[in-house]
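# Understanding the architecture of this molecule
Residues per chain are reported as follows:
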Amino acid sequence: MPSSTKERPVSTLFSHGSTKSFVPRQQYVFYVLVTIVAILLILSLVTNANYQWATVAQYLLAPSILQGLLVTLWITLVCMVIAVVLGLILAFMGLAQSAYVRGAAEVYIVFFRGTPLLVQLIFWYNISALYPNFGIGIPFGPQFLDIDLNQVITPIGAAIMGLALNEAAYMAEIFRGGLNGLPKGQIEAADALGLSGWTKVRRVVLPQLLPVVVPPTWNQMIGMLKNTSLISVIGASELLYSAQAIYARTYQTIPLLIVVSLWYLAISIILTIVQRRIEKAVKR
Amino acid sequence: MTQPNDGTVSLDKVVKRFGTNTVLDGVSLDITKGEVVAIIGPSGSGKSTLLRCINGLEKIDGGSILVNGEEIGRRPTPNGRHPYAELKPQELARQRAHIGMVFQSFNLFPSMTVLENVTLAPRTVLGLSAEKARASALEHLGAVAMADFADRYPRTLSGGQQQRVAIARALAMEPSVMLFDEPTSALDPELVGEVIRVLKDLATRGFTMIVVTHEMGFARDVCDRVIFMEGGEIVESGAARGVFTSPINVRTQQFLQRVLER
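Residues numbered from 1 in each chain as written. Chains lettered and ligands numbered in written order. Predicted model: local features only at pLDDT ≥ 70, side-chain atom pairs only at ≥ 80, totals over all residues. Heavy atoms only, no water.

- In the annotation of an unreviewed UniProt entry, the entry for chain B reads ABC-type polar-amino-acid transporter, and the organism field reads Lacisediminihabitans profunda.
- On record in UniProt, under Catalytic activity (unreviewed entry), the comment for chain B is "a polar amino acid(out) + ATP + H2O = a polar amino acid(in) + ADP + phosphate + H(+)".
- Here chain B is described in UniProt, under the heading Subcellular location (unreviewed entry), as follows: "Cell membrane". (UniProt positions renumbered as here; feature names shortened; annotations may be inferred.)

- Per an unreviewed UniProt entry, chain A is named Amino acid ABC transporter permease, and its organism is Lacisediminihabitans profunda.
- The Subcellular location (unreviewed entry) comment attached to chain A in UniProt states, word for word, "Cell membrane".

### Considering the overall build of chain B
- When its secondary structure is counted, chain B shows 9 helices and 12 strands.
- Relative to the 2.2 N^0.38 estimate, which gives 18 Å for 262 residues, the radius of gyration of chain B is 19 Å and therefore close to what a compact globule would have.
- When its C-alpha atoms are laid out on the principal axes, chain B stretches across 55 × 50 × 35 Å.
- Taken across its 262 residues, chain B has 55% of its residues classed as buried.
- Counted over contacts in chain B with a minimum sequence separation of 6, partners at least 24 positions apart contribute 64%.
- For chain B, the accessible area works out to roughly 11800 Å², and carbon and sulfur atoms hold 48% of it.
- Within chain B, the 30 negative side-chain charges are centred at a point lying 3 Å from the centre of the 29 positive side-chain charges. (Helix = DSSP H or I, 4+ residues; strand = E, 2+ residues; numbered from the N terminus. Rg over C-alpha atoms; globule rule 2.2 N^0.38 Å. Buried < 20%, exposed > 50% of the residue type's maximum accessible area, 1.4 Å probe, protein only. Contact = heavy atoms within 4.5 Å. Areas by Shrake-Rupley, 256 points an atom, 1.4 Å probe, with all protein chains shown as cover. Lys, Arg positive; Asp, Glu negative; His and termini not counted. Charge placed at Lys NZ, Arg CZ, Asp CG, Glu CD.)

### Side note on the sheet that holds strand S10 (residues 208-212) of chain B
Residues and elements named next belong to chain B.
- Reading across the sheet, the 6 strands line up as S8-S9-S10-S3-S11-S12 and stay open at both edges, with mixed pairing between neighbours. If you trace the sheet from one side to the other, it starts and ends with strand S8 (99-102) and strand S12 (233-239), each paired once. Within the sheet, the average angular offset between the axes of one strand and its neighbour, ignoring direction, is 15 degrees.
- Looking at chain direction, strand S11 (residues 225-230) and S12 are connected through 6 bridges and run antiparallel. Each residue of the ladder has a partner; that of Met229, found in S12, is Ile234.
- Running at roughly 150 degrees to S10, helix H6 (residues 189-203) makes contact with strand S3 (36-40), strand S9 (177-181) and S10 of the sheet. (Pairing = 2+ DSSP bridges. Axes fitted to C-alpha atoms, helices over the stretch in contact; angles between N-to-C directions.)

### Side note on the interface of chain B and chain A
- Contact residues are listed per partner, giving 26 residues for chain B and 19 residues for chain A.
- Here chain B and chain A share an interface that buries about 1800 Å² over both sides, 62% of which is from carbon and sulfur atoms.
- At the boundary of chain B with chain A, the tally comes to 1 salt bridge.
- Between Arg52 of chain B and Glu188 of chain A there is a salt bridge whose closest N-O contact spans 2.5 Å.
- Grouping the constituent residues of the side of chain B that touches chain A by class yields 15 nonpolar, 7 polar and 4 charged. (Buried area = accessible area lost by both parts, 1.4 Å probe. Salt bridge = Lys/Arg side-chain N within 4 Å of Asp/Glu carboxyl O. Nonpolar A, V, L, I, M, F, W, Y, C, P; charged D, E, K, R; others polar.)

### Details of the side chain of Thr113 of chain B
- Along the chain, the position of Thr113 of chain B falls in the loop between S8 and helix H3 (114-124).
- Thr113 of chain B has contacts with Ala150, Asp151, Arg152 and Tyr153 of chain B, leaving out every residue within four places of it along the chain.

### Topic: the packing of aromatic side chains
- Taken as a whole, this structure holds 5 aromatic pairs over all chains when the rule is applied.
- With a centroid separation of 5.5 Å and 20 degrees between ring planes, the pair formed by Tyr51 of chain A and Trp53 of chain A is classed as stacked.
- Given the relative accessible area of 22%, Tyr51 of chain A is considered partly exposed.
- An aromatic cluster is built from Tyr108, Phe111 and Phe112 of chain A, whose rings are joined through pairwise contacts.
- Over the ring of Tyr84 of chain B we find Arg74 of chain B; its NZ or CZ atom is 3.9 Å from the centre of that ring. (Phe/Tyr/Trp six-rings, centres within 6.5 Å; stacked < 30°, edge-to-face > 60°. Lys NZ or Arg CZ within 6 Å of the ring centre and 35° of its normal.)

### Describing the pairing of S9 of chain B
Residue and element names in this part refer to chain B.
- Of all the 5 residues making up S9, 5 are buried; the element is thus mostly covered by neighbouring parts of the structure.
- Across 4 bridges, S8 lies against S9 in parallel orientation. When the sheet's bridge partners are listed, Gly100 is paired in S9 with Met178.
- Bridge count for S9 against S10 is 5 bridges, and the pairing is parallel.

### As for the nonpolar core
- Ile65, Tyr108, Leu163 and Ile231 of chain A are the most contacted members of the largest nonpolar core, which totals 60 residues.
- For this core, the leading source of residues is helix H8 (residues 155-180) of chain A, giving 13 residues.
- Here Leu163 of chain A is in contact with Ile75, Cys79, Leu117, Leu121, Met224, Asn227, Thr228 and Ile231 of chain A, once residues within four sequence places are set aside.
- In terms of nonpolar packing, the next biggest core, distinct from the first, is built from 51 residues, Ala137, Ala170, Ile196 and Phe207 of chain B among them. (Core = buried A, V, L, I, M, F, W, Y, C linked by side-chain atoms within 4.5 Å.)

### So, the UniProt feature "transmembrane region" (unreviewed entry) in chain A
- Per the UniProt record, the feature "transmembrane region" (unreviewed entry) sits at residues 28-51, 71-95, 107-127, 147-166, 230-248 and 254-274 of chain A.
- Within the segment residues 107-127 of chain A, helix and strand shares are 86% and 0% respectively, and the terminal C-alpha atoms sit 20 Å apart.

### Observations concerning the pairing of strand S1 (residues 133-137) of chain A
Residue and element names in this part refer to chain A.
- Across 5 bridges, S1 lies against strand S2 (residues 143-148) in antiparallel orientation. Residue Gly135 lies in a different strand from S2, and its bridge partner there is Asp146.
- Joining the antiparallel neighbours S1 and S2 is a turn of 5 residues, in which Phe140 adopts a positive phi near 60 degrees.

### Observations concerning the packing of helix H3 (residues 63-94) of chain A against helix H4 (residues 99-114) of chain A
Residue and element names in this part refer to chain A.
- The interhelical angle for the contact between H3 and H4, taken along N-to-C directions, is 135 degrees, at an axis separation of 7 Å. Considered as vectors, H3 and H4 are oriented oblique to each other. Pair H3 / H4 crosses with left-handed handedness. Between H3, through Leu86, Leu90, Met93 and Gly94, and H4, the contact on the second element is made entirely by Val101, Arg102, Ala104, Ala105 and Tyr108. (Parallel < 35°, antiparallel > 145°, perpendicular 65-115°, else oblique. Left-handed = near helix turned anticlockwise from the far one by under 90°.)

### A closer look at the UniProt feature "domain: ABC transporter" (unreviewed entry) in chain B
- Here the UniProt-annotated "domain: ABC transporter" (unreviewed entry) positions come out as residues 9-256 of chain B.
- Between the C-alpha atoms that bound residues 9-256 of chain B the distance is 26 Å, and the span itself is 36% helix and 27% strand.

### Quick notes on unusual backbone geometry
Residue and element names in this part refer to chain B.
- Although it is not a glycine, Phe106 adopts a positive phi angle of roughly 65 degrees.
- Mapped onto the elements of the fold, Phe106 is located in the loop between S8 and H3.
- For Phe106, a relative accessible area of 2% corresponds to the buried category.
- Of note in this structure, Glu174 is not a glycine but carries a positive phi near 50 degrees.

As structure tokens, this is what we get:
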């Protein structure tokens, strides 16, 4: 292992020598063009009455919008928690000795990553057309448990199932990469010192695993936040659906979509700021 | 039953296979307390595997290994059909705590300072208080001339310095047996000397030491006994000077000729 490798900021990798002489005239033309486009955009935002900024302001904090936002937030959280747990299980299955267990994890990941999330969501919503009843019992014998899936599969239920099961496939890949990248020597050093169980995991494995796994997981969370808008299609009353319910009545489509976008943007920005903090903390 | 922690190592017809490849083919070896043993031989001869079996990093497929009179990795059962039961991970961890191991690639924990590296196991495994562990760690770091670096992180140290910290980390567990797996092989040539000096010092302090090494000078001048391995077997074993000056086996002669020519 090299004892010390000097880290070079990425920005210096692309410039050779002095940067001062490296501002060609074309660059100023580009600055001017960008400025003009920006001014035009802002002018249009202010002058085009179709934006209906008054309506945006009116609905930004409307109770039904906030209600939808709340649903979006808790579904994001719940689905990520389920996906992390399921993803961990799948990742460990992927590392199993048995080819049978590895194969099962592989099939799951191929299936859930290989079909569109939107299709999966609609599929789960209509699962009762495929299996009207879900029961536990002996085939052709007595049933111990019998559930009418028409009752259970609500829009929210199908949404959580669809988003979480899909996300688990991606989380499994992230965890698998992290576990594969663990230096074997570190585990052996911990073993040789007699560290066992939780101490080994907490003091040796996690400090090496978290910097690799946490940033992409947080990235997936930001993705999940936006993917929840897909579940409006199956009638789950999240943020977008709440806005659609309003503009279906009032025809104020554009201002309500702006309201929705502003909320997604705000939460994304907050999550990104937190992500930067986590990356810094985890890098130490 | 011998005294616990008496520092003896006893191997009886140890067999280890990786798939169909037999890496250790009936290795028997008795090492007494305080003996310093060098294991030499060409790469792929099973030297490192032998060392890794002694502290249970590898499971053996036949024979038995006793350290401090205690069988490593398994215990006898009253059941006739399955005379041995594998030890639970915690039990194996307890056995390993008495066996120090130093690796070729140091394997210091990068997220901890030098001091934290050395105090982690004494605190969590032996249950020492923070102050006691710190005092003992500084003492062991002093013995390898690394006490001034206690608050540094491993990545800021040279290879030789990292390896000396790794030795202090193993010593801090007060082991009865120390295993060294090619401790100088990953070092720049000019850094080998400082680690060898530490090993020489340890050899005079009564530790049982087993050193897999390519440093023939160290094996000849410092070790009580030299073992030459090839093809998963012990080919020759004897007093260090004897093996180097008048090797009996032809394969030993050929190997020594090759390495000493350089």
